[in-house]
Amino acid sequence: MELFRRNRTFILLGSLPALVLYVLFVIYPIFRSFVYGFYEWNGLSEPTYVGLKNFQEILHDPVFWNSFRNNLLIVGVSIFGQIPIGLVLAVMLSRKFPGSGTYRSIFFIPMVLSTVVVALLWSSLLNPQVGVVNQFLKQIGLGVLAMNWLGDMRTAMAVVCGVIIWQFSGLYMVIFLAAIQNIPKEIYEACSLDGVSERAKLLHVTLPLLWPTVMASVVLCIAGSMRSFDLVYVMTEGGPAHATELMATYMYNKTFAVYKYGYGSAVAMVIFLLSFGMILAGQILMKRKQDTV
Amino acid sequence: MGKRWVFLVLALALCLTLVFGGGKSEPASKKEGGKVKFTLWHAYVGTDQRAPFMEERMASFRAQNPNFEIEEQKIARDQYQTKLKTAAAAGQLPDAFQCWPNAMTREFATAGLLSEINDLLAANPEWKNSFVNRAFDEFTVDGKVYSAGLGISVCSIIYYNKALFAKYGLAFPRTYEELKHVVSVFRQNNIIPIAMGNKPKWPMQSTLFSIVANRSTGTEWLENALAKKGAKFTDPEFIRALEIIVDLTKMGAFNSDVITIDNVQMRDYFYRGEAAMAVEGSWMLPDIIKRAPESLKQNLEMGLFPPIPGGKGNPNVMSGVSGTGIVINKKASPEQKEAIKKLILHVSNNEAQLLFAKYGIPVSSKNITIDPKTVDPVYLKIVDLIAKHPLVTVYDSALNSEQTEIINNGLQALMVGAKTPEQVAAELQAAVK
């Protein structure tokens, strides 16, 4: 703080160019797009002011609410799927045993792959005509379970969720591994001297000390899930019949497939408000939990 | 003292950023020392059927016109329209660009973004009269012509493997009942009856539904429905067309992954002989010539969707549109406009049309006699098809982008049973204004 006070002018001035660029290319366009939300605009003709019409239309569009539900589903499976799996993997692999490094790499590989690769990989594995998954099921006599995974409205979203868990669990594993390694060895040593069981060590030392990291991960999860786009766009393009539509793909389609720029901007604003509200709610909930720990 | 220096340098840097960053860049397309510069955007690149044609034609255009400096941007098809419309929204359209006929030309022209080429037509009567009507008609808005179509695209062709038909003692279906029979026989023998890839959502509408609907409703009905003149999308004849798509899907006429693969991936089933038919536009032809095995090429035939019982459409027509064309930005300077008009002539004159034939694209000129020795035999089949069957419009060309999205998604919903034909029809009717 002292450092800041002494060099205040210099620091402010030094950050000014970055600030100017940020405002010009990030903040200004965001607000500009909010403004377009109140217009009807196809990108070619002049925009016409329509007030709240776009927002009313969004709130009455079942496809939008369906995409919102899908986003919530992804938030849910991310928080209750990725984080627990990541945590379990991290606790197991934090022990030193032969091959633990190999396992870490294996679980982290999906994270290194580009989402497009992941999407194409799973699309071809799950293809009902030539895919490996259905052929395997038929080989082992479970042919009844073979289905049109991505082409059936009932299974498409579940498959997408599964792939998302597969893709990102490794990331949370690495985050938690790093956090576990930051827990001072002395605490564990003291526990050993007191004859504390491994189970108690895990429940009363490791997990409480990991809690702040879990909190940060939940926020990451929510923010990441609310803006997920690429995986679904490549795997299903929101289909079949909007079954896997997400808010971001909905916005993209309205803006760049139907060319309703005003409507798309309004959708963007609604997404912003919803995501912001969820992150806020998440943080408040987690704070309360932390106080009780 | 040192601090003050740093302050000065930073302040100066900041000023420079603001001055140069904020200032408008000079339009790159001005006359410079007798040279005419212009920008050109198009999607004739990569796997696009017109990519080799355009490359060859641009090279000769540059060679013949050394005083033109063309800044050419080739953008893949999927991103092209997005990029172009974003540029239009920002008021930064290139001087010349590729435009789709009908709906897109209408949208751009009514927004006042295009410059007409009527004088070019008047000055070159011979060139003008060589074209089939739709090459200009589909680029005409309120009597103003904006471009000339580069070839023709037939949107709905049933490509079939006659060896597979012969193997199971079948003939190409002439009626809808026969089609159903053919489908069930192939199904029983584990052959995909019709290969189709509808993940991008437009193929079903463009390559199959448009012609099925025409068979059922006739051509004028669509114009009337869109103009709200005594026809509605909720009419039984339109619903009948939607029902046929449901029927075909339920019968198992398509590959089981029809919803999860695209129209390029599905071709492999056909090329490998695992599918008896493939429904695609004429844009599949260059790919067949290039990639299909010789055994398939020898057995390749083309046919049309059969008439449907009680249908009001002429069973002899097939759906198709003019190819895309190059249009001129209204804001281009007079010199640039002259240069671009020269380019439009260059990519659509007789010499260019012969190149179309060479690369397997149906020509848009009446004057071209195709020498059977210089083109692929597969191409001759499509020439024959076009000569025998008049073209009618395709849905995504007649409908605006919002209506197109409704029918595209609606067809997908029908195929997975999420909506009934009546629901899709009602949604589409609601979007007619």
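Residues numbered from 1 in each chain as written. Chains lettered and ligands numbered in written order. Predicted model: local features only at pLDDT ≥ 70, side-chain atom pairs only at ≥ 80, totals over all residues. Heavy atoms only, no water.

This brings us to the domain arrangement of chain B. All names here are of chain B. Once the domains are mapped, chain B shows domain 1 (7–151 + 323–368) and domain 2 (155–319 + 395–430). The centre of domain 1, based on its C-alpha atoms, is set 33 Å off from the matching centre of domain 2. Across the contact, 9 residues belong to domain 1 and 10 residues belong to domain 2. In terms of surface lost to domain 2, no three residues of domain 1 exceed Gln49, Ala103 and Gly360, which account for 50% of the buried area on that side. At the surface where domain 1 touches domain 2, the tally comes to 0 salt bridges. Put simply, domain 1 and domain 2 have 3 residue pairs in polar contact (both at pLDDT 80 or more) between them. Residues of the side of domain 1 that touches domain 2, tallied by class, amount to 4 nonpolar, 3 polar and 2 charged. (Domains from an automatic or database assignment. Contact = heavy atoms within 4.5 Å. Buried area = accessible area lost by both parts, 1.4 Å probe. Salt bridge = Lys/Arg side-chain N within 4 Å of Asp/Glu carboxyl O. Polar contact = N/O pair within 3.5 Å; in protein donor to acceptor, adjacent residues only side chain to side chain. Nonpolar A, V, L, I, M, F, W, Y, C, P; charged D, E, K, R; others polar.)

This part is about the pairing of strand 12 (residues 318–322) of chain B. Residues and elements named next belong to chain B. Of all 5 residues making up strand 12, 5 are buried, and the element is well covered by its neighbours. Looking at chain direction, strand 7 (residues 152–154) and strand 12 are connected through 3 bridges and run antiparallel. Paired with Ile152 across the two strands is Ser322, which belongs to strand 12. (Buried < 20%, exposed > 50% of the residue type's maximum accessible area, 1.4 Å probe, protein only. Helix = DSSP H or I, 4+ residues; strand = E, 2+ residues; numbered from the N terminus. Pairing = 2+ DSSP bridges.)

On to the side chain of Thr324(B). All names here are of chain B. Tracing the sequence through the fold places Thr324 in the loop between strand 12 and strand 13 (325–329). For Thr324, a relative accessible area of 7% puts it in the buried group. At a separation of 2.9 Å, a polar atom in the side chain of Thr324 contacts the side chain of Gln98. Not counting residues within four places of it along the chain, the set of residues in contact with Thr324 comprises Tyr44, Gln98, Cys99, Trp100, Pro101, Phe139, Ala148, Gly149 and Leu150.

Residues and elements named next belong to chain B. The strand order across the open sheet built from 4 strands is 9-10-8-11, with neighbouring strands paired in mixed fashion. Both edges of this open sheet fall to strand 9 (192–195) and strand 11 (300–303), since each of them pairs with a single strand only. Looking at each pair of strands side by side, their axes are set apart by 25° on average, direction ignored. In terms of strand pairing, strand 9 meets strand 10 (residues 275–280) through 3 bridges, oriented parallel. Paired with Ile194 across the bridge in strand 10 is Met277. Where helix 18 (residues 377–388) meets the sheet, its contacts fall on strand 8 (157–161) and strand 11, and the angle it forms with strand 11 comes to roughly 15°. (Axes fitted to C-alpha atoms, helices over the stretch in contact; angles between N-to-C directions.)

If you trace the backbone, Val118(A) turns up in helix 6 (residues 115–125). Here the alpha-carbon distance between Val118(A) and Met235(A), two residues 117 residues apart in the chain, equals 9.0 Å.

What follows covers the packing of helix 20 (residues 401–415) of chain B against helix 21 (residues 421–430) of chain B. All names here are of chain B. Across the interface, helix 20 lies against helix 21 with an axial gap of 9 Å and an inter-helix angle of 175°. Considering their axes alone, helix 20 and helix 21 lie roughly antiparallel with respect to each other. Contacts from Gln403, Ile406, Ile407, Gly410 and Leu414 of helix 20 reach helix 21 at Pro421, Val424, Glu427 and Leu428. Of the residues in the contact of helix 20 with helix 21, the class split is 6 nonpolar, 2 polar and 1 charged. (Parallel < 35°, antiparallel > 145°, perpendicular 65-115°, else oblique.)

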